[in-house]
Amino acid sequence: MNNLSVDEMRYRIGKLLAKKQDHRQEVKNMVKQYKYVVFYGSGNIFHGIVASWNRHVGRRVDFCCDSESRKWGKEFSGLKCISPTELIKIKNECAVYVTIGDFAPVLRSLIDKGFPFVNVVSKNALDIAAFLTSQPQEGIASNLCEAYGFLADKKSRDVFKAIVHRVLDVGSDPGIMAAVCEKDQYFPTDVIQLSEHESVVDIGAFNGDTVKDFAERARGRFDNIFSFEVDAVNFKSLEETVRGIPERERIKIFNLGIWDNERDITYSIGLSQSTVGTGEGKGHVVPLDDVLKDEKVTFIKMDIEGAEPQALRGSRNIIQTQKPKLAICVYHDFRHLWEIPLYIKSLVPEYKIYLRHHTCLEYETVCYALL
């Protein structure tokens, strides 16, 4: 991708905004042509896509389909799961949307089998379409360009441009995020250099996957890990993971979330996407500045389903005084693509800002900040 200047980026964004159609209406118009709508894949991202589809499209999804035989005949998010063989029987009457992360092989396979309409559907694309229709285009372009101007290297700008095109020109290139995807989430070696005395804060620890990854990368040479997970089901998995790490005496785990004030919250139970404010789970959140006010902090990672701005505000004293390396997810809400870098720069102007992307879809874009 070309290394565009801020002015060139502003021009490109303006052109995309000027021609942008409401993606929700595009989907509605497409599915009207078919008797059935089928989602292919019923894993982690499927549930969020179904919820977003129900909010923004309205047309009922008739079935989900999955290659795993144990799922056939069961319901997932209210949809009966059919087998690929059953799907083939209705192929000329259905629109199929692929709802798995590694979508490309399935997409190619269904096209090769002669399905009349196959595409990828995105939770974020539907949610963002609603946001874009309610906001002045000039403000969106200005915010995007200000954040783009902060980016410290070409790779970050390439990721940024890919996101902008994915959002503002939906469907034109399903593989656009795969082209900028790379491994080593939270610890990309061209950005993050780890010392032997890191004191890591993992906010949104899920089942302990990042804790385990860091401990292995550090080969046990670190000072502390402070791990926070508000979801009670995920927290049990986190406990089990930590028990298997040799350096577990230096790992402290908290069944808490991080916020900008202390309060009780609700959340969805037992999912990788445990959204704060919805669901039947009950938990407690606190500011990081309160719970770790006397601790050394050298690295903060956050992946908390859209609550990153609140958690950053609750961590501002630690960030301003200790200036730790930051790895903050910015993919849960399109506004976070500019709001989070701008807020980080307001706390520590000398931070360098990087973007890296770590899946083939819209998920797992991380903003890295370091001196």
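Here we summarise the structure given alongside this text. Since we're looking at a predicted model, the values are computed, not measured. One numbering rule holds for all chains: residues counted from 1, following each sequence as written. With the structure being a predicted model, the display of local features is reserved for residues of pLDDT at least 70 and the display and counting of side-chain atom pairs for 80 or more, all residues being used for whole-chain, interface and lining totals. The basis for every side-chain value is the complete set of heavy atoms in the structure, and neither hydrogens nor water enter the calculation.

1. Some details on the overall build of the protein chain
Formally: Helical segments are the DSSP runs of H or I of at least four residues, strand segments are the runs of E of at least two, and each set is numbered from the N terminus. When we talk radius of gyration, it's over C-alpha atoms, and the globule rule is simply 2.2 Å times the number of residues to the 0.38. Each residue gets one of three labels from its accessible area relative to the maximum for its type: buried under 20%, exposed over 50%, partly exposed in between, using a 1.4 Å probe on protein chains only. The Shrake-Rupley method, run with a 1.4 Å probe sphere, supplies the accessible areas, and residue values consider only the shown protein chains as cover.
The helix and strand tally for the protein chain stands at 14 helices and 16 strands. Expected size for 371 residues packed as a compact globule is a radius of gyration near 21 Å; at 21 Å, the protein chain falls within 12% of this value. Oriented by its inertia axes, the alpha-carbon framework of the protein chain measures out at about 65 × 50 × 35 Å. When the 371 residues of the protein chain are sorted by exposure, 53% land in the buried category. A total accessible area of about 16500 Å² is found for the protein chain, and carbon and sulfur atoms account for 48% of it.

2. Observations regarding the sheet that holds strand E8 (residues 224-228)
This is how it is decided: Strands pair, by our definition, only if DSSP identifies at least two bridges between them. An axis is simply a line fitted to the C-alpha atoms; with a helix, the fit covers only the stretch in contact. Between two such axes, the angle follows the N-to-C directions and lies from 0 to 180 degrees. Pairs of residues are marked as contacts when any of their non-hydrogen atoms sit within 4.5 Å.
Across the sheet, which stays open at both edges, the 7 strands sit in the order E9-E8-E7-E13-E14-E16-E15 with mixed pairing between neighbours. Two strands lie at the open edges of the sheet, namely strand E9 (251-254) and strand E15 (352-357), each paired on one side alone. Across the sheet, the mean angle from the axis of one strand to that of its neighbour is 15 degrees, orientation sign disregarded. Where strand E13 (residues 299-302) lies against strand E14 (residues 325-329), 4 bridges are found, and the strand directions are parallel. Within the sheet, the bridge partner assigned to Phe299 lies in E14 and is Lys325. Lying on the sheet, helix H10 (residues 232-243) is in contact with E8 and E9; it crosses E9 at an angle near 170 degrees.

3. Description of the environment of Val366
By secondary structure assignment, the location of Val366 is in strand E16 (residues 365-370). Looking at Val366, the relative accessible area reads 0%, which means it is buried. The contacts of Val366, once residues within four sequence positions are left out, are Gln185, Tyr186, Ala327, Ile328, Cys329, Val330, Tyr354, Leu355, Arg356 and His358.

4. Concerning the packing of aromatic side chains
Heads up, the rule is: The pairing test for Phe, Tyr and Trp rings, Trp by its six-membered ring, is centres within 6.5 Å, and the orientation test on the planes gives stacked under 30 degrees, edge-to-face over 60, and tilted for anything in between.
Within the structure shown, the criterion is met by 16 aromatic pairs. Seen in terms of ring centroids, Phe39 and Phe46 are 6.5 Å apart; in terms of plane orientation they differ by 90 degrees. Their pairing is edge-to-face. Its relative accessible area of 0% is what places Phe39 among the buried residues. Pairing Phe334 with Trp338 gives two aromatic rings, centres 5.4 Å apart and planes at 80 degrees, and the pair type is edge-to-face.

5. A few points about the sheet that holds strand E10 (residues 257-258)
Strand order in this open sheet of 3 strands is E10-E12-E11, and the pairing throughout is mixed. The sheet is open, and its two edges are formed by E10 and strand E11 (263-267), each paired on a single side. Here E10 runs beside strand E12 (residues 281-286); their pairing, made up of 2 bridges, is parallel. Bridge assignment links Gly257 to a residue of E12, and that residue is Val285.

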